[in-house]
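Notes for the structure review
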Amino acid sequence: MGSRHPDRRDFLKRGAAFAGGLSLGAVDPVIGQTPPADQDVEDQDWSSPELIAYGERSRYETSVRVPHGGRPSPDAFGLVFHVATPLQDQVGIITPSALHFTNTTRGAIIPNIDPREHRFMIHGLVDRPLIFTMDDLKRLPSVTRLHFVECAGNRSRPQHVTVQETHGNTSCAEWTGVLLSTLLNEAGVKDAGTWIVAEGVESVKGASSIPMAKAMDDCLVCYGMNGEAVRPQQGHPLRLLVPGFEGIFNVKWLRRIKVVDRYYMTYNDYGHLRREPHDAALTYQIGPKSVITYPSGGQQLPDRGFYEIRGLAWSGTGAVSRVEVSTDGGGSWMDAEIRGAAHPMAHTAFSFHWTWDGREAELMSRCTDELGQVQPTRAEAAAFWRPGAVYPGTPDEPLRVTGQDNSIQPWRVESDGSVHNAIA
Amino acid sequence: MPSLRLLPLLVFWAGSVQAQGLNYGVGRTPTDEEIRAWDIAISPTGEELPPGSGTVEEGEQVYLRTGCATCHGMAGMDGIAPELVRDGEREVTHPWDYGRILPIRSPYATTVWDYINRGMPLNQEGSLSADEVYALTAYLLYLNGVIGGDEVMDAETLPMVEMPNRDAWAPLPDWQPGMPRLPGYPY
C-alpha cells in the first residue's frame, strides 16, 4: 500500500498542473486513468459537464444494433420494425439498454411519453377499476428480476453470417416494477376474468390477449430497466414483461389492461394464429435454446491454441439446468460450465475450454431446461411433425422448422480460422 | 402541538382519501368517461362497438378519400403496404390458404374494425369516425367476397359476419405455470 501513495500524489499534482496550466482540454485528469507514457492518447473531453452527468462508452467500442428481418428501420414510413442486438460483442448476461433488441408489432413510431402525464388503467371484469400515475406505481411493492425477451421470428437462416443476424432478436435485462398480480389484486379480478388484454399507447396501440394464469403468475409491470428508467425503444415509461412468452406479448408503452372473459382476437392475436394445434402451442412459450457467441459467424480465430468458447442459453419455461458443447458437429457432447446463477427465463452464460488444433471443426451448444426439455437439432425440429422426412429436404422443398425455431446453431471453423454459419 | 415528524403521515392520510386499491390504497377510480375514451378493444361479439354504420359504397369513397389507396393500392392490392384483398384467381381448398390478409383470414370481422380503428391511417391513427370505420370494414369484406355489395355494417351486423376462417384456427393451450410447451414434445 505504502508504495502506491507517492504515485497517487504525483498523479494528483500532475492533474492539478493540467487543470491549472493547460486549458486546451487535451488530457483528461481522471483519477486511475493515467496512460502509459508510450500510449498515444487522443483528445476527448471526458470532463465535459454532459459526460460528467451521463457517461458514454469509449469511442473505440463500436458495437451497434442493425435493422433486421428484411425490412429497414426506419422504413419508408418512418416506422421502426426489427432491430437486432450485437450478441457477438456481448459480455455477461445483461444486454446494455442501448443495445437491447427493438421490435414493434406492426412497425411503430417510438413515442415520447412524459412520465408525469402517463396513466395506467386496469378495468373490465374487476371489482374496482383503477387508474395509476407513475408515482402511484412506484409506491407499491416492487420486484427486480432478470428476464430475456425474444421475438418469435428470431430464427437462423442460411444466408445469415453473424450471430447478430441468426439470434439477435433476443436480449436480457434486469427489470424492475410491480408484479401484475399485485395490481390485479388491488382491482379485484372477478371470477369470470380469464384473460387480460394489455394495450400500449403508441400510434398503433398494440394489444395482446394473455391468459389470466400467466398474468397472475409472474408478469411484471416495469418502470425500471438495468438500474434506470425503461428506455423509449423498450416502452418508456411503462411496459409489460411476460417472462418466457414470445416477444409480442410484452406490451410496451403500457397504458391499459382490460380484464375479459375470452381470447379477444386483437390484431396481434390474429397475427399469432396457427392452423395446427401443435404449431399454436409451440408459438407460446420460447423453447430451450442456446447459441455460441464466441467464436461465432464472421469472426476469425487468429491462431490455433486455447479459446474459451462462450455463449448464452435460455428457456421460456424456467431456468437452464444444463448446457453441453460439441466441437465435432454433434458427434460428441461435453458439459459446459454455467457461469453464475441460472435465473428463470433469463439468458444464462456458459463457457467451455477448447484448444483448437487448427483443423476444421463444428461448434454447437445444446440447452436443457429445468423441465427436461432439450434443445433439438435443426434436423430433429424440422422432421418431428413430418415422419419420414429427411432434413434438409430438397432445394425446391426445403424442410423447415415448424413455427418458432429453437434449434441448435452450428458454427463451422475452417482450417484458416474463419467461422461460418453451418446450417443447411 | 403535533410533532413535525407526523406531518408527512398526515399529508399521506389526506392524500389517500380517493385511493381505492384493496390492499395498499393506491390509485384512484377512473371516471366512466375515462374508461369509455380508452376502451377501444373490440371483443369477437362486439360489445364495445360504438353506434354508427357504413355501406360498401361509402367504404369505397372513404378508402379513396382518406388515402388508403396511396399505400394499399387502388382496390386493396398491389400497394407498398400489406395486401388487403385475396387473389380472386387463386383456387383454395382451405381458407387458411388465402394467406395472411386481415379481412379474409381473421376469424372475426370485429378484428378488422378494431385494427382500422386503432391503427389506421398511418400517422393519423384515431382520425376516422365510427361511420367511416364501419364503411371501410364493409368495403374490404366485400372485396374479399365475404359479404354482399348491399350489406350494411353496424354494431349489430358486424359481429354476425361469418368469416371463412371462423373455426379454422388452432386453439391455444390452456397455459398453467410450469407446464411444458407441448405435452409429448421433447423440445
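Residues numbered from 1 in each chain as written. Chains lettered and ligands numbered in written order. Predicted model: local features only at pLDDT ≥ 70, side-chain atom pairs only at ≥ 80, totals over all residues. Heavy atoms only, no water.

Description of unusual backbone geometry
Going by this rule: Helical segments are the DSSP runs of H or I of at least four residues, strand segments are the runs of E of at least two, and each set is numbered from the N terminus.
Between Tyr294(A) and the following residue, Pro295(A), the backbone shows a cis peptide bond with an omega angle of 0°. Position of Pro295(A) relative to the elements: it lies in the loop between strand E14 (289-294) and strand E15 (305-314). Following Met120(B), the chain continues to Pro121(B) via a peptide bond in cis, the omega torsion being -10°. Counting through the fold element by element, Pro121(B) comes out in the loop between helix H6 (109-119) and helix H7 (130-143).

Comments concerning the pattern of salt bridges
The condition is simple: Should a side-chain nitrogen of Lys or Arg be within 4 Å of a carboxyl oxygen of Asp or Glu, the pair is scored as a salt bridge.
Under the defined criterion, the tally for this structure stands at 26 salt bridges over all chains. Its salt-bridge partner being Asp127(A), residue Lys190(A) comes within 3.3 Å of it at the nearest N-O pair. Of this pair, Lys190(A) sits in the loop between helix H5 (180-187) and strand E8 (195-200) while Asp127(A) sits in the loop between strand E4 (119-124) and strand E5 (130-133), and the two are 63 residues apart along the sequence. Here Asp261(A) and Arg262(A) are joined by a salt bridge, their closest N and O atoms 2.9 Å apart. Linked through salt bridges whose partners overlap, the residues forming this network are Glu199(A), Arg256(A), Lys258(A), Asp39(B), Glu48(B), Asp114(B) and Arg118(B).

With respect to the interface of chain A and chain B
Formally: Here a residue-residue contact requires only that any non-hydrogen atoms of the pair lie within 4.5 Å. Accessible area that two parts lose when put together, evaluated with a 1.4 Å probe and summed over both, is termed the buried area. Each polar contact in these results corresponds to two N or O atoms within 3.5 Å; when the atoms are within protein, one needs to be able to donate a hydrogen and the other to accept it, and residues that are neighboring in sequence are counted only if both atoms are side-chain atoms.
Opposite the 66 residues of chain A that make contact, chain B presents 62 residues. When chain A packs against chain B, the two sides together hide about 5900 Å² of surface, and 64% of this comes from carbon and sulfur. Of all residues in chain A, Phe77(A), Tyr270(A) and Arg275(A) give up the largest surface area on contact with chain B, accounting jointly for 13% of the area buried on that side. For the pair chain A and chain B, the interface holds six salt bridges. For the salt bridge of Arg262(A) with Glu47(B), the shortest nitrogen-to-oxygen distance reads 3.5 Å. Applying the counting rule to chain A against chain B returns 25 residue pairs in polar contact (both at pLDDT 80 or more).

Quick look at the side chain of Gln234(A)
Residue and element names in this part refer to chain A. Heads up, the rule is: Each residue's exposure class comes from its accessible area (1.4 Å probe, protein chains only) as a fraction of the maximum for that residue type: buried when under 20%, exposed when over 50%, partly exposed otherwise.
Secondary-structure assignment places Gln234 in the loop between strand E11 (228-229) and strand E12 (239-241). Of the residues examined, Gln234 reaches a relative accessible area of 1% and is grouped as buried. At a separation of 2.7 Å, a polar atom in the side chain of Gln234 contacts the main-chain carbonyl oxygen of Phe101. Among all residues touching Gln234, those that are not within four sequence positions of it are Arg65, Ser97, His100, Phe101, Thr102, Trp175, Met225, Arg239 and Lys252.

Here we look at a negative patch on the surface
Residues and elements named next belong to chain B. Rule in force here: Candidate patch residues must exceed 30% relative accessible area and have no salt bridge, after which like charges are joined if within 9 Å and Val, Leu, Ile, Met, Phe, Trp or Tyr side chains if within 5 Å. All accessible-area figures derive from a Shrake-Rupley calculation using a 1.4 Å probe, and residue coverage is judged against the displayed protein chains alone. When charges are counted, neither His nor the chain ends are considered; positive counts come from Lys and Arg and negative counts from Asp and Glu. Charged groups are reduced to one reference atom each: NZ for lysine, CZ for arginine, CG for aspartic acid, CD for glutamic acid.
A grouping of Glu57, Glu58, Glu60 and Asp131 is seen on the molecular surface, where their side chains present a negatively charged patch. Residue contributions to the negative patch peak at three residues, all from helix H3 (residues 56-65). By the secondary structure assignment, Asp131 is in helix H7.

What to know about the environment of Tyr267(A)
Residue and element names in this part refer to chain A. Secondary-structure assignment places Tyr267 in helix H7 (residues 267-272). Since its relative accessible area comes to 22%, Tyr267 is described here as partly exposed. Measuring from C-alpha to C-alpha, the distance between Tyr267 and Arg145 comes to 29 Å, with 122 residues separating the pair along the chain.

Remarks on the pairing of E4(A)
All names here are of chain A. What counts, and what does not: Paired strands, in this sense, are two strands between which DSSP finds at least two bridges.
Pairing analysis gives four bridges linking E4 to E5, with the strands arranged antiparallel. Of the residues in E5, the one forming a bridge with Met121 is Ile131. Here E4 hands over to E5 after five residues, the two strands then running antiparallel side by side. Strand direction decides the pairing type here: E4 and strand E13 (residues 254-260), joined by four bridges, are parallel. Across the sheet, His123 pairs through a bridge with Lys258, a residue of E13.

Thoughts on the packing of H3(B) against H7(B)
Residue and element names in this part refer to chain B. Keep this limit in mind: For every element, the axis is a line fit to its C-alpha atoms; helices are fit only across the contacting stretch, and the angle between N-to-C directions ranges from 0 to 180 degrees. The labels follow the angle: roughly parallel below 35 degrees, roughly antiparallel above 145, roughly perpendicular from 65 to 115, and oblique for the rest. Residues are grouped as follows: Ala, Val, Leu, Ile, Met, Phe, Trp, Tyr, Cys and Pro are nonpolar; Asp, Glu, Lys and Arg are charged; all remaining types, including Gly, are polar.
Two elements in contact, H3 and H7, have axes whose closest approach is 7 Å; the angle formed by their N-to-C orientations is 105°. In terms of axis orientation, H3 runs roughly perpendicular to H7. Of the residues in H7, those in contact with Val56, Glu58, Gly59, Glu60, Val62, Tyr63 and Arg65 of H3 are Glu132, Ala135, Leu136, Ala138, Tyr139, Leu140 and Tyr142. Of the residues in the contact of H3 with H7, the class split is nine nonpolar, one polar and four charged.

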